Amino acid sequence: MVNLKLRYIEVFLALMQSGSMQGAAKLLCTTQPSISKALGALERQLGFQLFIRTGLGLKPTPHAYILLTEADKIREETLSFQRVASDLREGVVGHLNIEVSPTLSMSLVPKAIARFKTKWKDTKLHIGLASTDVVRNDVRKHLIDIGVICFTQEENIQPIRVLGDTPMTCVMPKNHILARKRSISPQDLANLPMVGYRVSVPINRLVEQAFVEAGVPQRVDIRVNQTSAICAILNEGYGVAVLDHFSMPEKVYPNLAVRPFTPEKAIRVGVRRLSM
């Protein structure tokens, strides 16, 4: 396939946003015929239809919705390119593109960023959240400068600079019956409703391993892939969870109690740099 013009992607996004040729023309400060011509060229190049013409406007096809996510990424990267070029033109040369595991975005990384900016005030930071696998691949592909990830001690991730290990903690509403205990074990949690990570999240493997080793059943009623979502559910009074200590912003969730999880299970935090 011949490389697509960025203009075609701009037109596609404008059509998805406005739902009509006229609306897209207004968004892009051009004429309806030019929008129609660009859409026709894009559909011919792709080999399939993106919109169905109706009396009420344009209805996106299933293919269009699938491409929307990718088109948004291209728009974001294009805007980033323009911002960096503008900074270079104005003499600002310090840039860092960083990706972070979501579990670290609530506490550890914000503190590090605040300290960094007090020393390097003119450096521009672009920060995104992504899974461990995505972060590792993006560093390898030179798409980012720094990746900060969580992984288990058993995982052999190289090359990487290990920042340290953080213990798992048990988190629950303050009025939960287990909040009276000084520490929480898998036996304490047996058959209690839990809010857990999705199976693909590395921390989940540590939690499951602890229950298997203890020989007790684990009851997970809700699974999500974001620590913030888990904490929000717990903060509303439902369930109990096992999280890593770095991802637990206690001041943000005043209704939660945090207790050590035993036997101790630790998650590892590391940094992978482009130069590694």
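For the structure itself, consult the block above.
Keep in mind that this is a model prediction, so the values were computed, not measured.

Peer 1: Outline helix H9 (residues 227–235), supporting the account with residue identities and numerical values.
Peer 2: Among the residues making up H9, those that are buried are Thr227, Ile230, Cys231, Leu234 and Asn235. The arc that holds every buried residue of H9, seen down its axis, measures 135°, which confines them to one face. Contacts made by the buried residues of H9 are with strand S6 (161–173), strand S7 (194–197), strand S8 (220–224), strand S9 (241–244) and strand S10 (256–260). Among the residues trailing H9, Gly237 stands out with phi positive, at a value near 105°.

Peer 1: So what's going on with the pattern of salt bridges? Residues and values would help.
Peer 2: Pairs may arise between side chains of opposite charge once their charged atoms sit close together. Scanning all chains against the criterion turns up seven salt bridges. Residue Arg7 is joined to Glu10 by a salt bridge in which the shortest nitrogen-to-oxygen separation is 3.2 Å. Residue Arg7 and its partner Glu10 are both found in helix H1 (residues 6–18); the two are separated by three residues, about one turn of the helix. Residue classification places Arg7 among the partly exposed positions, given a relative accessible area of 36%. Its relative accessible area of 39% is what places Glu10 among the partly exposed residues.

Peer 1: Give me the lowdown on the nonpolar core, citing residues and values where you can.
Peer 2: In this structure, Val148, Met168, Met172, Leu189 and Ile230 are the most contacted members of the largest nonpolar core, which totals 41 residues. For this core, the element with the most residues is helix H8 (residues 202–214), which contributes five residues. Excluding residues within four positions of it along the chain, Met168 makes contact with Ile203, Leu206, Val207, Val242, Leu243, Asp244, Pro260, Phe261, Lys265, Ala266 and Ile267. Counting residues in each nonpolar core, the second largest holds 22 residues, with Met16, Met21, Ile35 and Leu42 among its members.

Peer 1: Give me unusual backbone geometry: which residues, what numbers.
Peer 2: Here the bond from Thr262 into Pro263 is cis, since omega is -5°, no more than 30 degrees from zero. Among the structural elements, Pro263 can be located in the loop between S10 and strand S11 (266–273). At Cys29, a position not held by glycine, the phi torsion is positive, near 55°. Tracing the chain through its elements places Cys29 in the loop between helix H2 (21–27) and helix H3 (32–46). We classify Cys29 as exposed; its relative accessible area is 72%. At Asn191, a residue that is not glycine, the phi angle is positive and equals roughly 70°.

Peer 1: An account of H3 is needed here, citing residue identities and associated values.
Peer 2: Given a rise of 1.5 Å per residue, 15 residues ought to cover 21 Å, and the 21 Å separating the end C-alpha atoms of H3 matches this to within 8%. Taken together, the buried positions of H3 are Ile35, Ala38, Leu39, Gly40, Ala41, Leu42, Glu43 and Leu46.

Peer 1: Outline the side chain of Glu43, supporting the account with residue identities and numerical values.
Peer 2: By the secondary structure assignment, Glu43 is in helix H3. A polar contact is formed between the side chain of Glu43 and the backbone nitrogen of Leu50, at a distance of 2.8 Å.

Peer 1: Tell me about the pairing of S9, and please be specific about residues and values.
Peer 2: Burial along S9 is two-sided: Ala241 and Leu243 and Val242 and Asp244, pointing in opposite directions, are all buried. One ladder, built from four bridges, connects S6 with S9; its direction is antiparallel. Bridge pairing in S9 links Val171 to Ala241.

Peer 1: Could you give an account of the pairing of S6, naming the residues involved and the relevant values?
Peer 2: Bridge analysis of S6 against S11 gives six bridges, and the strand direction is antiparallel. Looking at S11, one finds that Asp165 is bridged to Arg268. Taken together, the five bridges between S6 and S10 define a ladder with antiparallel strand orientation. Counterpart to Cys170 in the pairing with S10 is Arg259.

What counts and how
- Residues numbered from 1 in each chain as written.
- Predicted model: local features only at pLDDT ≥ 70, side-chain atom pairs only at ≥ 80, totals over all residues.
- Heavy atoms only, no water.
- Buried < 20%, exposed > 50% of the residue type's maximum accessible area, 1.4 Å probe, protein only.
- Helix = DSSP H or I, 4+ residues; strand = E, 2+ residues; numbered from the N terminus.
- Arc of directions from axis to C-beta.
- Contact = heavy atoms within 4.5 Å.
- Salt bridge = Lys/Arg side-chain N within 4 Å of Asp/Glu carboxyl O.
- Core = buried A, V, L, I, M, F, W, Y, C linked by side-chain atoms within 4.5 Å.
- Expected span 1.5 Å × (residues − 1).
- Polar contact = N/O pair within 3.5 Å; in protein donor to acceptor, adjacent residues only side chain to side chain.
- Pairing = 2+ DSSP bridges.

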